[in-house]
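In case you want the letters, here they are:
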Amino acid sequence: MPSDVHPSRAALVISRLPSFSGLDAATLEAVARAASSRHYDAGQVIYLEGEPATALYVLETGWVKATRMTPDGREQALTFLRPVDIFGDIAVFTGTSYPGTVVALEDVEAWAIDGATFLDLTARYPQLALACIRRLAERVLYFIGLVEDLSLRSVETRLASTLLKHAEAREGRLIVPRRSWTTFDEMAVRLGTVRDVLSRALHTLEDEAYSRWNATKSPCSIRRDWRSAARSDLRHDKSRIHGAGPSVSSYRMDPLLVCRR
Amino acid sequence: MMSPEADPTVDEQLRDGILQALALDPRTLALDIRVGVLSGFAHLAGKVPSLELRTLTERIVSSVPGVRGVANRIEAPGAPSPARTVHLSPRDEWSPSRHE
């Protein structure tokens with residue numbers, strides 16, 4: 001769809017990108033005019049690893065995941081993105097093929113911007129170039145964290161960390177909202193492991209949490225409830241992982257929960 | 001085992017070879033198949049009208065010299081959902097495996 005139809009909508013979406021919020025109207029307008037709207041059904045491939053990088057994308061609605069295949073044919077998650085975010089930019093800037101495969105996890109609305117046009121715009125609008133540098137720098141930090149996670153942290157730690165990272169305090173309880181696509185397999189991909197190891201990690205985490213909390217006489221009943229509920233809900237594919245706890249901060253402050261002895 | 005270094009030129013040539021192989025077969029010529037190649041692994045996507053064409057496409061791609069494996073995400077009636085099948089070439093030093 002030509003962007004002329006909805007340039008203001010595209011500009012609005014692009015302005016909601018955290019690194020792009022400071023762009024002036026003229027820059028936003030120029031980028032928006034280069035954008036074309038795209039729709040992807042859940043499960044549809046947006047681009048493949050090793051495919052020529054012809055465009056970058058601004059995600060308006062829906063989640064996507066970026067993965068890369070390992071030498072043994074396993075899918076390793078690079079990142080999960082939710083609106084509003086940008087992807088495909090790394091390959092456009094490096095002039096290489098896409099380094100990962102991006103798949104729509106749910107119905108997705110996005111704006112595609114031709115790579116060559118975007119590079120031209122960054123040369124003409126310094127503010128846009130700075131915004132891209134900010135976003136790329138954030139991504140470098142993210143991938144440093146991912147390398148650290150995959151090389152230094154156990155699956156149990158990564159599992160607990162992921163659950164806690166997504167926990168929200170609701171009505172005095174900790175809840176980890178689960179999307180319809182968060183299956184056991186998807187979770188294994190996210191944690192860089194396989195189903196069996198993830199299953200063992202859940203057991204290990206629970207067992208260790210039990211003994212540790214009992215020994216320290218910390219409020220184990222609260223945490224034991226959280227552990228049991230988390231495990232139970234994952235197994236039975238329910239819609240939410242419930243947690244019982246006084247606040248998010250109390251969990252974030254408890255390293256015992258996420259560290260393997 | 002370490003992954004071989006990705007060589008953009010080799011991957012690009014391999015991709016051209018795959019596209020050519022698909023274009024040379026009258027059964028796949030008109031199909032809208034997307035192809036990516038990274039480190040010798042071919043990644044396929046698109047939509048075809050039958051499972052047979054999905055399998056045929058994968059077989060043609062696998063037979064292109066230099067292809068180390070195929071990740072098949074082509075959508076077809078009856079294909080696994082999410083449509084992703086991975087075949088590693090037995091010629092490769094990695095052990096062959098299959099994941100749905």
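Higher on the page you've got the structure.
Note that the coordinates shown come from a computational prediction; the quantities given were computed from them, not determined experimentally.

(A) Spotlight on helix α2 (residues 51-62) of chain B. All names here are of chain B. With twelve residues, α2 extends 17 Å from end C-alpha to end C-alpha; this agrees with the ideal 16 Å at 1.5 Å per step. Every buried residue of α2 is listed here: Arg54, Thr57 and Val61. Down the axis of α2, the buried side of the element spans an arc of 65°, and every buried residue falls inside it. For α2, the secondary structure elements touched by its buried residues are α1 (8-24), β1 (33-38), β2 (41-46) and β3 (69-72).

(B) View of the sheet that holds strand β3 (residues 55-61) of chain A. All names here are of chain A. What the four strands build is an open sheet, ordered β1-β8-β3-β6; its pairing is antiparallel. Of all strands in the sheet, those bounded by a partner on one side alone are β1 (35-40) and β6 (85-87). On average, each strand axis in the sheet is inclined to that of its neighbour by 30°, with strand direction left out of account. Bridge count for β3 against strand β8 (residues 108-114) is six bridges, and the pairing is antiparallel. Among the inter-strand pairings, Leu59 is bridged to a residue of β8, identified as Ala110. The strands touched by helix α1 (residues 7-15) within the sheet are β1, β3 and β8, with β3 carrying the most contacts at an inclination of about 85°.

(C) Highlighting the pairing of β3(B). Residues and elements named next belong to chain B. Where burial is concerned, the two faces of β3 agree: the one with Gly69 and Ala71 and the one with Val70 and Asn72 are both buried. Sheet topology places β2 next to β3; four bridges connect them, and they run parallel. From the neighbouring strand, Phe41 faces β3, where its bridge partner is Gly69. At this point the chain moves from β2, through α2, to the parallel β3, and the crossover so formed is right-handed.

(D) Here's a closer look at the interface of chain A and chain B. Between chain A and chain B, the residue contacts involve 15 residues of the former and 22 residues of the latter. Residue composition of the side of chain A that touches chain B, grouped by class: five nonpolar, six polar and four charged.

(E) Local environment of the sheet that holds strand β5 (residues 75-81) of chain A. All names here are of chain A. Reading across from one edge, β2-β7-β4-β5 is the order of the four strands in this open sheet, with antiparallel pairing throughout. Since the sheet does not close on itself, it has two edges, and those belong to β2 (45-47) and β5, each with one partner. Direction aside, neighbouring strands of the sheet carry axes that sit 30° apart on average. In this sheet, strand β7 (residues 101-104) lies alongside β2 in antiparallel orientation, the contact comprising two bridges. Bridging across to β7, Val45 finds its partner in Val103.

The rules we used
- Residues numbered from 1 in each chain as written.
- Chains lettered and ligands numbered in written order.
- Predicted model: local features only at pLDDT ≥ 70, side-chain atom pairs only at ≥ 80, totals over all residues.
- Helix = DSSP H or I, 4+ residues; strand = E, 2+ residues; numbered from the N terminus.
- Expected span 1.5 Å × (residues − 1).
- Buried ≥ 20, exposed ≤ 12 C-beta atoms within 10 Å, placed from the backbone.
- Arc of directions from axis to C-beta.
- Contact = placed C-beta atoms within 7 Å.
- Pairing = 2+ DSSP bridges.
- Axes fitted to C-alpha atoms, helices over the stretch in contact; angles between N-to-C directions.
- Right-handed = clockwise from strand over helix to strand, strands pointing away.
- Nonpolar A, V, L, I, M, F, W, Y, C, P; charged D, E, K, R; others polar.

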